[in-house]
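Read off the chains here:
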Amino acid sequence: PAYDGAVPSKPPFSHWLIALVSLPGGEVTELTSRLPSALAFVVFTAAFFLFVAKRIGVQAALGASLILLSSSEWFRGASTCRVDTILACSMAGALLSLYGWWEKGFRGIPYIAGVLLVCSALTKGPVGIVLPLGIFSFFVWSQRDFKIGAIPSIASRTLMLCVFATFVVSIWYVLGYIERGDEFLDKIRYENFERFTSTMQDEPHKHGVAYLVGMLAIGLLPWTILLVIAGIQAVIHRSNFKGHSVGAWWRGLPDILKFSVIAAGSIILFFCVPSSKRSVYLLPAYPFLAILVESCLRSKLERVHRMLSLVCVCVAVLAIVISGLALLISSFPFHSVWSSWLASFGSVPSMTMLAVSAVLIISVPRGELRQTLNIPMQALGVAVIGAVFVVSLCVYDAVAQRLSVKTWLSSTEFLAAVKPDQRDQLYSYGSEAYAASFYLNKPFFGATSSLDAGAVVFVEQRKVEDLKKFLTSPIREIARYSNGLEKTSRDLVVVQVEK
């Protein structure tokens, strides 16, 4: 395996899923490595639709589901081989299950919530248990008007789930300690506690709060634009809210909206604390943001649905045309910055088509859509969600293939630069070249200061000078990869060690 001997920084649940779906074929492929995220995406969206439909209606559930599907960050996460989508679906699913348990007056045992908490923690670590249970406890407390006397009963119920999930998850941690000893404990402490307290030595993904908020706004596109418009409209008509306090507004909200506000707000605030910030950390908040966005936009758009429908149809036609052009450009044999930029827009129209469908659903008054089409809303919901998902996935996948490093690794340029007898001496410096190792099906090793002549090293352009100082032998560049969408400093450079 590539990078053999590395101490795992995260529990292996997503790896187990990849291994499971890879069993029939006998090997891990690009399809099987991405399949768990895609399946979790589909299963969660279906469950989310049913959950919301039961509480605020089928039409609202359809709108919220389409908003979730069309949020660019959520859809992008579902198409990649990463742990973040598995974590988001597990954590958000656990929160929704806990909400259902609260609705029943805590009757019975929330088996589904317990299993999902275990899955969440086995995907990312202790945060998969601590964060959802903390959010749920705060919500229950808020429903009891923040009375101190309610804390013991809330704590006892939460503790029951925490003990169960912690016990199951601890089995893996105990086995990890038996296998790797103190080295394993140091890694777990470093990745969990030092990351949250911002005391990591290398401080990976270090950003400010403004970065995380900005990435959330980008991740919610195209809905961010409509939310800004709705916010401006609310400020213009702020006189309508005179005489209404925040407390009165809060008490007037349906319980599911209160829960969504607390869940989304808590997740965002939690990940604002550590200095290490990435946009994918906020994925568990997206289902709850989708519920809030649907509620906000529906109240604004119902009055203008006929004119808006005409506008949306025009936008949909334009999006289809642009998608077709992007797919055409993606099939061109040449690779350049401009062609890459044009091809990358292929995923944007697909998101727009999803957004158009959602806007149409949200803007039509309740009951009118069903009477017009004369079909059950449940059947319509399944059909629309399925259709827009398939269309968007096809467009996104075609464009992503063009921007993938595997296209370059199979190119004549790369194959001519790296001779067959040199492909067993592949190293990386500064970061693990996981993608290159996977697509080449070759083990990579961490570069050492004394590499043999002929060794091939993958390094980012910004770290080439550091590599020259690190090695005792001179190097020369033999190949370079750039997808045209990032700064030149992030180009992947392939160098060869000379005598």
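Residues numbered from 1 in each chain as written. Predicted model: local features only at pLDDT ≥ 70, side-chain atom pairs only at ≥ 80, totals over all residues. Heavy atoms only, no water.

Visitor: Just checking my understanding: could you explain the overall build of the chain for this structure?
Guide: Helix and strand content of the chain: 23 helices and five strands. Within the chain, the proportion of its 499 residues that are buried is 47%. Restricting to contacts in the chain with at least 6 residues of sequence separation, those with at least 24 account for 75%. Just so you have it, the chain exposes about 25100 Å², and 66% of that area is on carbon and sulfur atoms. (Helix = DSSP H or I, 4+ residues; strand = E, 2+ residues; numbered from the N terminus. Buried < 20%, exposed > 50% of the residue type's maximum accessible area, 1.4 Å probe, protein only. Contact = heavy atoms within 4.5 Å. Areas by Shrake-Rupley, 256 points an atom, 1.4 Å probe, with all protein chains shown as cover.)

Visitor: Is there a simple way to think about helix α13 (residues 255-272) in this case?
Guide: For α13, with 18 residues, the first-to-last C-alpha span of 26 Å sits near the 26 Å given by 1.5 Å per residue. Residues Ile256, Leu257, Lys258, Phe259, Ser260, Ile262, Ala263, Ala264, Ile267, Ile268, Phe271 and Cys272 constitute the buried set of α13. (Expected span 1.5 Å × (residues − 1).)

Visitor: For this particular structure, what's the right way to read the sheet that holds strand β1 (residues 426-428)?
Guide: Two modes of strand pairing occur in sheets, parallel and antiparallel, and in both the strands are linked by backbone hydrogen bonds. Sheet architecture is open: five strands sit in the order β2-β1-β3-β5-β4, paired in mixed fashion. Since the sheet does not close on itself, it has two edges, and those belong to β2 (445-446) and β4 (475-481), each with one partner. Bridge count between β1 and strand β3 (residues 456-460): three bridges; the pairing is parallel. For Leu426, the partnering residue across the bridge sits in β3 and is Val456. (Pairing = 2+ DSSP bridges.)

Visitor: I'm lost on the nonpolar core in this one. Help?
Guide: Among the nonpolar cores identified, the biggest contains 83 residues, and Phe44, Phe48, Trp74, Tyr286 and Phe288 are the most heavily contacted of them. Ranked by the residues each element gives to this core, the list is headed by helix α5 (residues 84-103), at 13 residues. Each residue touching Phe44, except ones within four places of it in the same chain, is listed here: Leu68, Trp74, Cys89, Ala92, Gly93, Leu96 and Pro287. Core analysis: the next-biggest nonpolar cluster, separate from the first, contains 18 residues, Trp408, Val418, Leu426 and Ile478 among them. (Core = buried A, V, L, I, M, F, W, Y, C linked by side-chain atoms within 4.5 Å.)

Visitor: Sorry, what's going on with the pattern of salt bridges here?
Guide: Side-chain pairing between opposite charges can occur once the charged atoms of the two side chains come close. Considering all chains together, one arrives at eight salt bridges under this definition. Across the salt bridge formed by Arg480 and Asp491, the nearest N and O atoms sit 3.3 Å from each other. Of this pair, Arg480 sits in strand β4 while Asp491 sits in the loop between β4 and β5 (492-497); the two residues are 11 residues apart in sequence, bridging distant segments of the chain. One continuous salt-bridge network, built from bridges that share partners, spans Arg82, Asp84 and Lys124. (Salt bridge = Lys/Arg side-chain N within 4 Å of Asp/Glu carboxyl O.)

Visitor: Quick question: what am I supposed to make of the packing of aromatic side chains here?
Guide: Note on aromatic pairs: each is described by the distance of the centres and the angle between the planes. Under the criterion given, the structure shown has 21 aromatic pairs. Aromatic pair Tyr99 and Phe259: ring centres 5.0 Å apart, planes at 40°, arrangement tilted. Here Tyr99, found in helix α5, pairs with Phe259, found in helix α13; they are 160 residues apart in sequence, far enough to count as distant. Residues Tyr427 and Phe445 carry aromatic rings whose centres are separated by 6.1 Å and whose planes lie at 50° to one another, so their mutual orientation is tilted. In this pair, Tyr427 sits in strand β1 while Phe445 sits in strand β2, placing the two residues 18 residues apart along the sequence. Each residue in the set Phe51, Tyr99, Trp102, Phe139, Phe259 and Phe288 is aromatic and connected to the rest through ring pairs, giving one cluster. (Phe/Tyr/Trp six-rings, centres within 6.5 Å; stacked < 30°, edge-to-face > 60°.)

Visitor: I would appreciate a short explanation of unusual backbone geometry in the present structure.
Guide: Among all residues save glycine, negative phi is the norm, and among peptide bonds the norm is trans. If you check the backbone angles, Phe106 has positive phi at about 65° while not being a glycine. Relative to the helices and strands, Phe106 is located in the loop between α5 and α6 (111-124).

Visitor: What is the right way to read the confidence of the model for the chain from this model?
Guide: Low pLDDT means the predicted coordinates in that region are not meant to be read closely. Of the residues in the chain, 67% reach a pLDDT of 70 or more, and the chain-wide mean stands at 76. Confidence scores differ between elements of the chain, with helix α18 (residues 368-373) showing the lowest mean pLDDT of 51 and α5 the highest of 93. (pLDDT = per-residue confidence, 0-100.)

Visitor: Quick question: what am I supposed to make of a nonpolar patch on the surface here?
Guide: A cluster of nonpolar residues, Phe167, Ile171, Val174, Leu175, Tyr177, Ile178 and Leu185, forms a patch on the protein surface that exposes about 720 Å² of accessible area. Counting residues per element, the nonpolar patch draws most heavily on helix α8 (residues 151-180), at six residues. Along the polypeptide, Tyr177 turns up in helix α8. We classify Tyr177 as partly exposed; its relative accessible area is 40%. (Patch = residues over 30% accessible without salt bridge, like charges linked within 9 Å, V, L, I, M, F, W, Y side chains within 5 Å.)

Visitor: How should the pairing of β3 be read in this particular structure?
Guide: In the case of a regular strand, side chains alternate between the two sheet surfaces. Counting buried residues in β3 gives five out of five residues, a clear majority hidden from the surface. A two-sided burial pattern is seen for β3, the buried positions comprising Val456, Phe458 and Glu460 on one face and Val457 and Val459 on the other. The pairing of β3 with β5 spans five bridges and is antiparallel. Across the sheet, residue Val456 finds its bridge partner in β5, namely Gln496.

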